[in-house]
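# Inside the fold
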Amino acid sequence: MDIATTTEWLKNTIPGIVLLGAIGSIVAAIIIMAFNRLILPALKQSLVAAFVKLLMHFFLPASKQLVRLHFVEGENKVHVFYALQVMKLTIALFVATCGFFLFALVVSQGEQSLFRGTVLTPLIVSFLSVWYALRCLAVALVPLYVDIDKLVTEAKDEIIKKIMGKNS
């Protein structure tokens, strides 16, 4: 029996098709088991690390600004902080909207190539402005869920206790 006869038998007969299906199912099961044991744990770790980096990208500026705000003297410091964040958010969304409208205008002119600087620049500016707006929004919303003043006070008290414990 040569290869041509075997391939004809596998493709054109019912037992051949059933045999090909069984072999394919076994190979698929082996590949899935290997994927679950070898690739999935590494993929999970990298996705978790990327998610944590993304959260920290939004959370770190908010926490740094709020810790600085904690040490600033003044009556209206919280109101000024939120006014600044809302102003930055508004400007970023305005720039994103202008960039998107400029992109839509250039695309609607019907040029052949879309990979030109006049097309890609407004689109990139629009996406970066939206990203910055999300970051400003996170800076404004983090204080609603995390009490930075309480955490800073606890950290100051803990440091003072450690310093007093060393001096005694």
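Everything below is about the structure shown above.
We now turn to the structure provided with this report.

What counts, and where the lines are drawn
Residues numbered from 1 in each chain as written. Predicted model: local features only at pLDDT ≥ 70, side-chain atom pairs only at ≥ 80, totals over all residues. Heavy atoms only, no water. Salt bridge = Lys/Arg side-chain N within 4 Å of Asp/Glu carboxyl O. Helix = DSSP H or I, 4+ residues; strand = E, 2+ residues; numbered from the N terminus. Buried < 20%, exposed > 50% of the residue type's maximum accessible area, 1.4 Å probe, protein only. Patch = residues over 30% accessible without salt bridge, like charges linked within 9 Å, V, L, I, M, F, W, Y side chains within 5 Å. Areas by Shrake-Rupley, 256 points an atom, 1.4 Å probe, with all protein chains shown as cover. 1 Å grid on protein atoms, 1.4 Å probe; cavity = no way out; pocket = protein on both sides within 12 Å on 5 of 7 lines; lining within 4 Å. Points joined across faces, edges and corners; volume = space filled by probe spheres on them. Expected span 1.5 Å × (residues − 1). Bend = angle between axes of the 7 residues up to and from the residue. Polar contact = N/O pair within 3.5 Å; in protein donor to acceptor, adjacent residues only side chain to side chain. Phe/Tyr/Trp six-rings, centres within 6.5 Å; stacked < 30°, edge-to-face > 60°. Core = buried A, V, L, I, M, F, W, Y, C linked by side-chain atoms within 4.5 Å. Contact = heavy atoms within 4.5 Å.

On to the pattern of salt bridges, then. Enumeration according to the criterion identifies one salt bridge in this entry. A salt bridge links Lys162 to Glu158; its shortest N-O distance comes to 3.7 Å. Pair noted here: Lys162 and Glu158 are both in helix 5 (residues 148-167), with a separation of four residues, about one helical turn. What makes Glu158 partly exposed here is its relative accessible area of 47%.

A cluster of nonpolar residues, Phe51, Leu54, Leu55, Val130, Trp131, Leu134, Leu137, Leu141, Leu144 and Tyr145, forms a patch on the protein surface that exposes about 980 Å² of accessible area. Elements that contribute at least two residues to the nonpolar patch include exactly helix 2 (14-71) and helix 4 (117-145). Of the residues forming the nonpolar patch, the biggest block, seven residues, is contributed by helix 4. Here Leu134 lies in helix 4.

This part is about the layout of surface pockets. There is about 150 Å³ of room inside the largest pocket. Forming the boundary of the largest pocket are Leu66, Leu69, His70, Lys77, Val78, Phe81, Tyr82, Pro143, Val146, Asp147, Ile148 and Asp149. When residues of the lining of the largest pocket are traced back to their parent elements, those giving at least two are helix 2, helix 3 (77-108) and helix 5. Ranked by residues supplied to the lining of the largest pocket, first place goes to helix 3 with four residues.

Let us look at helix 2. With 58 residues, helix 2 ought to run about 86 Å at 1.5 Å a step, and its terminal C-alpha atoms sit 80 Å apart, in line with that. Roughly 45° is the biggest bend found in helix 2, and it falls at Ile39, with proline Pro41 one to four residues downstream. Listing the buried residues of helix 2 in full gives Gly16, Phe58, Pro61, Ala62, Ser63, Leu66, Leu69 and His70. Sitting at the head of helix 2, Thr13 places a side-chain oxygen 3.2 Å from the backbone nitrogen of Gly16.

All right, on to the packing of aromatic side chains then. Following the criterion strictly, the structure yields two aromatic pairs and no others. Summarising the aromatic geometry, the rings of Phe81 and Tyr82 are spaced 5.3 Å apart at their centres and angled 70° between planes, so their arrangement reads as edge-to-face. Centre to centre, the rings of Phe100 and Phe103 are 6.3 Å apart; their planes meet at 40°, and the pair counts as tilted. In this pair, Phe100 and Phe103 are both assigned in helix 3, three residues apart and thus about one turn of the helix distant.

On to the nonpolar core, then. Counting eight residues, the largest nonpolar core consists of Ala62, Leu66, Leu69, Phe81, Val139, Val142, Ile148 and Val152. Taken together, the elements giving at least two residues each to this core come down to helix 2, helix 4 and helix 5. Looking at which element gives the most residues to this core, the answer is helix 2, with three residues. In this view, Leu66 contacts Phe81, Pro143 and Ile148; residues no more than four positions away in its chain are not counted.

The residue Ser129 is located in helix 4 in this model. Judged by its relative accessible area of 11%, Ser129 falls in the buried class. A distance of 2.8 Å separates the side chain of Ser129 from the backbone oxygen of Val125, its partner in a polar contact. Not counting residues within four places of it along the chain, the set of residues in contact with Ser129 comprises Ala92, Val95 and Ala96.

Turning our eyes to something else, we now look at the side chain of Ser126. By the element assignment, Ser126 lies in helix 4. Among the residues examined, Ser126 registers a relative accessible area of 8% and is labelled buried.

Distances and angles like these do not, on their own, reveal function.
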